[in-house]
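Coordinate analysis (summary)
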Amino acid sequence: MLQKTEFIWFDGKLVPWDQAQVHVLAHGLHYGTGVFEGIRAYACPDGSSAVFRLPEHSKRLVNSAKILGINMPYTADEISKAIVETVVANKLSEGYIRPLAFAGEGDMGVFPGNNPTHVIIAVWPWGAYLGAEALEKGIRIKTSSFARMHVNTLMSKAKAAGNYVNSVLAKMEVKQDGYDEALMLDTNGYVCEATGENFFIVRNGVIKTPPLTAILDGITRDSIIKIARDLGYTVEEQLFTRDEVYYADEAFFSGTAAELTPIRELDNRTIGEGHAGPVTKALQAAYFKAIKGQDPRYGHWLTNYKF
């Protein structure tokens with residue numbers, strides 16, 4: 001269950017959680033005309049807390065609005081400042097951050113017209129998205145019958161609310177079959193991503209991940225690639241099919257919510273040894289050091305705050 005905090009930032013003001021309300025005829029509620037981000041804050045050993053890669057997330061939110069043609073009333077810097085204000089006001093040392101910009105009430109046709117854009121920032125405590133045990137033991141996934149939408153149908157580089165109906169359908173399908181997460185293929189049958197995560201495999205010590213064609217340009221994905229190369233691994237961005245995943249040595253997801261989660265099984269085929277492999281464990285350890293401020297090489301990724 002979602003754990004309430006005290007305040008939500010709403011159109012420039014901090015309001016009590018239960019008073020952050022919108023009209024039922026808001027355009028975004030009916031047509032998915034909204035953009036959002038998922039961001040995490042972590043407690044650091046020095047007693048401070050830090051938002052991970054805050055400027056990049058704020059910039060992507062603004063860019064997503066631009067892609068959808070939604071007027072964004074705040075700059076990326078203003079969004080970043082509001083996020084820090086919100087976590088401090090809620091005394092949140094560690095947790096999840098959800099900024100959302102959406103078209104409000106006004107015209108009710110598909111065209112949003114001059115409907116105002118509302119912006120909210122909510123924060124709350126949140127542990128491992130796919131379960132604490134998943135970070136160690138890995139998860140079971142299934143290839144979904146729902147393909148990731150083609151790049152010429154919806155805008156794949158926008159983290160748009162409406163895009164996630166695709167993900168909801170895929171997630172519901174595999175959860176009902178007893179799996180933890182869905183693997184989605186693109187419309188040509190190549191491995192794409194999951195419902196909210198980017199995807200990696202490891203074969204013979206080489207890390208492979210789908211290229212930035214029909215996938216969201218994940219900020220955690222970018223972080224993992226940089227960390228992997230700093231550790232001396234070769235990372236290749238290329239297309240591959242799901243049968244190559246079946247005989248991979250290792251596989252894992254990356255994402256703000258999922259962090260770095262190993263995959264132990266796809267379509268009833270065991271991946272590698274059936275648990276987190278050595279490359280996955282090395283990347284996971286390095287990533288968690290980076291996000292908690294324990295590796296000075298990645299200090300520039302952190303926006304520190306105290307309350």
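The rules we used
In this convention, every chain numbers its residues from 1, walking through the sequence in written order. Since the coordinates come from a predicted model, pLDDT governs what is reported: local features require at least 70, and pairs of side-chain atoms require 80 or more to be given and counted, while whole-chain, interface and lining totals use all residues. Based on all heavy atoms of the structure, the side-chain values leave hydrogens and waters out of the count. UniProt positions are given in the numbering used here, feature names are shortened, and annotations may be inferred rather than shown by experiment. Numbering of helices and strands runs from the N terminus; a helix is a DSSP stretch of H or I covering at least four residues, while a strand is a stretch of E covering at least two. Residues belong to one nonpolar core when they are buried, are Ala, Val, Leu, Ile, Met, Phe, Trp, Tyr or Cys, and are joined through side-chain atoms within 4.5 Å. Relative accessible area decides the class of each residue, using a 1.4 Å probe on protein chains only: under 20% of the type maximum gives buried, over 50% gives exposed, and in between gives partly exposed. The pocket and cavity definitions rest on a 1 Å grid over protein atoms only: a 1.4 Å probe that fits but cannot leave marks a cavity, an open set with protein on both sides within 12 Å along at least five of seven lines marks a pocket, and residues lining either have an atom within 4 Å of a point. Grid points are joined across faces, edges and corners, and a volume is the space filled by probe spheres set on the points. DSSP-based pairing: two strands are paired if at least 2 bridges between them are found. A right-handed crossover is one whose linking path, passing over the helix from the first strand to the second, runs clockwise when the strands point away from the viewer. To estimate the expected span of a helix, count its residues, drop one, and scale the result by 1.5 Å. Just to be clear on terms, a salt bridge is a Lys or Arg side-chain nitrogen sitting within 4 Å of an Asp or Glu carboxyl oxygen.

The name given to the chain in an unreviewed UniProt entry is Branched-chain-amino-acid aminotransferase, and the organism recorded there is Bilophila wadsworthia. Looking at the Cofactor (unreviewed entry) heading of the UniProt record, one finds this comment for the chain: "pyridoxal 5'-phosphate". The heading Sequence similarities (unreviewed entry) in the UniProt record of the chain holds the text "Belongs to the class-IV pyridoxal-phosphate-dependent aminotransferase family."

**Observations regarding unusual backbone geometry**
Phi at D11 is positive, roughly 50°, even though this residue is not glycine. Note on placement: D11 falls in the loop between β1 (7-10) and β2 (13-16). Phi angles above zero are rare outside glycine, and D267 is one such case at about 50°. Within the fold, D267 resides in the loop between β15 (259-266) and β16 (269-270).

**Section: the nonpolar core**
Grouped together as the largest cluster of nonpolar side chains are 25 residues, with contacts concentrated most on V51, M72, I83, I97 and I121. When contributions to this core are tallied by element, the ones reaching two or more residues are β4 (39-43), α2 (54-68), α3 (76-89), β6 (95-103) and β7 (117-124). It is α3 that provides the largest number of residues to this core, a total of 5 residues. Counting 23 residues, the second largest nonpolar core, distinct from the first, contains V202, I224, F252 and Y298.

**Section: the layout of surface pockets**
Regions of empty space are outlined by a rolling probe, equal in size to a water molecule, passed over the atoms. In this model, the largest pocket occupies a volume close to 720 Å³. Taken together, 36 residues line the largest pocket, and the ones lying closest to its centre are F36, K159, Y164, T195 and G196. At the level of secondary structure, the elements contributing two or more residues to the lining of the largest pocket comprise α2, β6, α5 (164-176), β10 (191-194), α6 (219-230) and β14 (250-255). Per element, the largest residue contribution to the lining of the largest pocket is 6 residues, and it comes from α5.

**Examining the pairing of strand β8 (residues 139-143)**
If a strand is regular, its side chains alternate between the two faces of the sheet. Every second residue of β8 is oriented toward a common face, the buried set being I139, I141 and T143 and the non-buried set R140 and K142. Judged from the 3 bridges that link them, β8 and strand β9 (residues 181-185) form a sheet pairing that is parallel. When the sheet's bridge partners are listed, T143 is paired in β9 with L183. After leaving β8, the chain enters α5 and then returns to the sheet as β9, a path that is right-handed.

**Looking at helix α8 (residues 278-291)**
Given 3.6 residues per helical turn, the α-helix brings residues three or four places apart onto the same face. Here α8 spans 20 Å end to end across 14 residues, near enough to the 20 Å set by a 1.5 Å rise per residue. Turning to α8, its buried residues are V279, T280, L283, Q284, A286, Y287, A290 and I291. The positive-phi residue at the C-terminal boundary of α8 is G293, with phi of around 75°.

**Description of the pattern of salt bridges**
Between side chains of opposite charge, pairing is possible as soon as their charged atoms come close. Tallying each qualifying case throughout the model produces 16 salt bridges. R148 is the partner of E193 in a salt bridge, and the nearest nitrogen-oxygen pair spans 2.2 Å. On the criterion of sequence distance, the pair formed by E193 in strand β10 and R148 in the loop between β8 and α5 is long-range, its members being 45 residues apart. Judged by its relative accessible area of 5%, E193 falls in the buried class.

**Some words on empty space enclosed by the protein**
A full pass over the atoms with the stated rule returns 2 cavities of 30 Å³ or more. Quantified by volume, the largest cavity comes out at close to 40 Å³. In terms of lining residues, the largest cavity is bounded by G38, I39, R40, Y42, F52, H57, T220, T256 and Y287. Tallying contributions element by element places β4 first for the lining of the largest cavity, with 3 residues.

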